[in-house]
Amino acid sequence: MKTITLLSAAILFFTTYSKAQETSTSKIPSMVIGGIEVRGLQSDEDILRSVIYKNLVNSKKYVVNDRYDVAEKLGADKMKSCLGKECLVSVGKQLEADFAMSASYEGLGDRILISMKIVDVNTGEIVQNEIEQFENQQREINRMTDIMINRLLKVTSDPIVNKALLFKEGPTATTGLGKMNNNGPRIGVGVATGENAEY
């Protein structure tokens, strides 16, 4: 009799626990990642999509549609070219997502411009929009992406990393154009005079 009571209590506990898990998961809004545009950089949009996906999933603020599921339902070409608000709303509705997002990465000389937006699929309104200029350090583009996602999610990023990566207006050259670059090789000339001139 004791065994049956314990077994019944265990079954009741696990049933209640699993229903609570289902309920808590269903309250988390869903997100689809639309187009990722990369111009003037040597970065792969699929890698950047994976970094964005990882950050959103780890935030536990969204249930994010996997890129393979999205590509299977919409086709890879439509997913990659979906950057505008109307397209994001349309794709979000097709995938029954609550939110959709897109991102743009542009190399602009000595800086990288990153822009990201989140659209509410139900209202069609842009609910989050972030844009930032970073130093052109392409090997750090994953960290730049982390900073941007943290901003979208209203999470504080490491201030040391921010300071190192955010674009800083440096001293300008005498022409007033561009940024002075003090890195690189130097060339100099020496002239010997007097007794040392023979050598």
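Everything numeric here is computed off the predicted structure, so don't read it as measured data.

A.B. asks: Explanation requested: helix H3 (residues 67-74) in the structure shown.
C.D. replies: Helical geometry note: an α-helix holds 3.6 residues per turn, so side chains three or four residues apart project in the same direction. Sitting at the amino-terminal end of H3 is Asp66, which places a side-chain oxygen 2.7 Å from the backbone nitrogen of Tyr68. Note on H3: the residue one or two positions beyond its end, Gly75, has a positive phi of about 95 degrees.

A.B. asks: Just checking my understanding: could you explain the nonpolar core for this structure?
C.D. replies: A general tendency of soluble globular proteins is for nonpolar side chains to be buried together. Ranked by internal contacts, the top residues of the largest apolar core, which has 27 residues, are Ile52, Leu56, Met101, Tyr105 and Met116. Secondary structure elements with two or more residues in this core: strand E1 (30-39), helix H2 (45-59), strand E3 (99-108), strand E4 (111-120) and helix H6 (141-152). When residues in this core are grouped by element, the largest group, six residues, is from H6. Those residues in contact with Ile52 that lie beyond four places of it in its chain are Ile33, Ile36, Met101, Ala103, Tyr105, Met116, Thr145 and Ile149. In this structure, Met79, Ala97, Val119 and Val121 belong to the second largest nonpolar core, which totals 13 residues.

A.B. asks: What am I meant to see in the sheet that holds E1 here?
C.D. replies: The strands that make up a sheet are held in pairs by hydrogen bonds between backbone atoms, and each pair lies either parallel or antiparallel. Strand order in the open sheet formed by five strands is E2-E1-E3-E4-E5, with mixed pairing between adjacent strands. A strand with exactly one partner marks an edge of an open sheet, and here the two such strands are strand E2 (63-64) and strand E5 (126-135). Relative to E5, E4 is paired through nine bridges, and the arrangement is antiparallel. Residue Lys117 lies in a different strand from E5, and its bridge partner there is Asn129. Of the strands in this sheet, E1, E2, E3 and E4 are in contact with H2, which crosses E1 at around 150 degrees.

A.B. asks: Sorry, what's going on with the state of the cysteines here?
C.D. replies: As used in these notes, a disulfide is a covalent bond between sulfur atoms, one from each of two cysteines. Scanning the model with the defined rule gives one disulfide in all. A disulfide bridge connects Cys82 with Cys87, and the sulfur atoms are separated by 2.3 Å. Judged by the sign of its S-S torsion, about -135 degrees, the bond between Cys82 and Cys87 is left-handed. Owing to a relative accessible area of 1%, Cys82 belongs among the buried residues under this scheme.

A.B. asks: Any chance you could explain the packing of aromatic side chains here in plain terms?
C.D. replies: Two measures describe an aromatic ring pair: the distance that separates the ring centres and the angle between the ring planes. The final tally for this structure, using the stated rule, is one aromatic pair. A ring pair is formed by Tyr62 and Phe99, whose centres lie 5.7 Å apart and whose planes are at 75 degrees; its orientation type is edge-to-face. With Tyr62 in the loop between H2 and E2 and Phe99 in strand E3, the pair connects residues that are 37 residues apart, well separated along the chain. Overall, Tyr62 belongs to the buried group, its relative accessible area being 15%. The aromatic ring of Phe167 is capped on one face by Arg111, whose charged end is 3.8 Å from the ring centroid.

A.B. asks: Quick question: what am I supposed to make of the side chain of Asp120 here?
C.D. replies: Here Asp120 is to be found in strand E4. No salt bridge forms around the buried Asp120; measuring N to O, its nearest opposite-charge neighbour Lys93 is 9.1 Å away. There is a polar contact of 3.4 Å between the side chain of Asp120 and the backbone nitrogen of Thr123. Setting aside residues no more than four positions away along its own chain, Asp120 makes contact with Val89, Asp98, Phe99, Glu125 and Val127.

About the thresholds
- Residues numbered from 1 in each chain as written.
- Predicted model: local features only at pLDDT ≥ 70, side-chain atom pairs only at ≥ 80, totals over all residues.
- Heavy atoms only, no water.
- Polar contact = N/O pair within 3.5 Å; in protein donor to acceptor, adjacent residues only side chain to side chain.
- Helix = DSSP H or I, 4+ residues; strand = E, 2+ residues; numbered from the N terminus.
- Core = buried A, V, L, I, M, F, W, Y, C linked by side-chain atoms within 4.5 Å.
- Buried < 20%, exposed > 50% of the residue type's maximum accessible area, 1.4 Å probe, protein only.
- Contact = heavy atoms within 4.5 Å.
- Pairing = 2+ DSSP bridges.
- Axes fitted to C-alpha atoms, helices over the stretch in contact; angles between N-to-C directions.
- Disulfide = S-S within 2.5 Å.
- Phe/Tyr/Trp six-rings, centres within 6.5 Å; stacked < 30°, edge-to-face > 60°.
- Lys NZ or Arg CZ within 6 Å of the ring centre and 35° of its normal.
- Lys, Arg positive; Asp, Glu negative; His and termini not counted.
- Salt bridge = Lys/Arg side-chain N within 4 Å of Asp/Glu carboxyl O.

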